[in-house]
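Observations on the model geometry
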Amino acid sequence: MTKVKQDFEIWNNTDNLLRFIITASDGTSAQTLTGCSVRWILQDEYNSSCWLYSACTGSMISISGSQVDVVIEASRISTLNNGLYYHELKLLTTGSIAVLGIGYGKVNKSSG
């Protein structure tokens, strides 16, 4: 079940952590993802073919049970301007992709 409105606000000169708690289709039970692979992407808009930032399990993403942590390094977003950016968290399985969470991230450009 895709969680919508997983919105956040960050500064482009700071390392950031996004935490997703994944639930089963009933919306309340924890969905264990241990051993699964996920990808998180940041785009300038929905359906854009250009990813501004991406991370995969083992590379800036860790999974513990139903918790998915995505690290956004300041060095990789330092050139982003102020604005809203679309993001998705996807579960990668053999033969299919399931979207776990979507939303918008507000990026604030550092003045210094």
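Structural data are supplied above this passage.
Let us look at the structure shown here. (Residues numbered from 1 in each chain as written. Predicted model: local features only at pLDDT ≥ 70, side-chain atom pairs only at ≥ 80, totals over all residues. Heavy atoms only, no water.)

1. Comments concerning the sheet that holds strand β6 (residues 67-72)
Pairing is mixed across the open sheet formed by 8 strands, whose spatial order is β1-β8-β7-β3-β4-β5-β6-β2. For this open sheet the edge positions go to β1 (8-11) and β2 (16-21), each flanked by a neighbour on one side alone. The average angle at which neighbouring strand axes cross in this sheet is 25°, direction not considered. Relative to strand β8 (residues 96-108), strand β7 (residues 83-93) runs antiparallel, the two being bridged by 11 bridges. Note that in β8 the partner of His 87 across the bridge is Gly 103. (Pairing = 2+ DSSP bridges. Helix = DSSP H or I, 4+ residues; strand = E, 2+ residues; numbered from the N terminus. Axes fitted to C-alpha atoms, helices over the stretch in contact; angles between N-to-C directions.)

2. With respect to the pairing of strand β4 (residues 51-57)
Each regular strand carries side chains that alternate between the two faces of the sheet. The pairing of strand β3 (residues 37-43) with β4 spans 5 bridges and is antiparallel. In the sheet register, Gln 43 faces β4, and the bridge partner there is Trp 51. Note that β4 and strand β5 (residues 60-64) share 2 bridges and pair parallel. Bridging from a neighbouring strand, Cys 56 pairs with Met 60 of β5.

3. Considerations on the side chain of Asn 108
Residue placement: Asn 108 occurs in strand β8. Asn 108 gets classed as buried once you look at its relative accessible area, which sits at 9%. For Asn 108, the residues in contact, after removing those within four places along its chain, are Glu 9, Ile 10, Trp 11, Asn 12 and Asn 82. (Buried < 20%, exposed > 50% of the residue type's maximum accessible area, 1.4 Å probe, protein only. Contact = heavy atoms within 4.5 Å.)

4. Details of the pairing of β1
Only one face of β1 is covered, namely the one carrying Phe 8 and Ile 10; the face carrying Glu 9 and Trp 11 has none of its residues buried. Inspection of the sheet shows β1 paired to β8 by 4 bridges, in the parallel sense. Residue pairing in the sheet places Glu 9 in a bridge with Lys 106 of β8.

5. Some remarks on the pattern of salt bridges
Throughout the structure, instances matching the rule amount to 3 salt bridges. Among the ionic pairs, Lys 106 bridges to Glu 9, the shortest N-O distance being 3.9 Å. Here Lys 106, found in strand β8, pairs with Glu 9, found in strand β1; they are 97 residues apart in sequence, far enough to count as distant. Under the relative-accessibility criterion, Glu 9 is labelled exposed at 52%. For the salt bridge of Asp 69 with Arg 19, the shortest nitrogen-to-oxygen distance reads 2.7 Å. Here Asp 69, found in strand β6, pairs with Arg 19, found in strand β2; they are 50 residues apart in sequence, far enough to count as distant. Given a relative accessible area of 11%, Asp 69 falls into the buried group. (Salt bridge = Lys/Arg side-chain N within 4 Å of Asp/Glu carboxyl O.)

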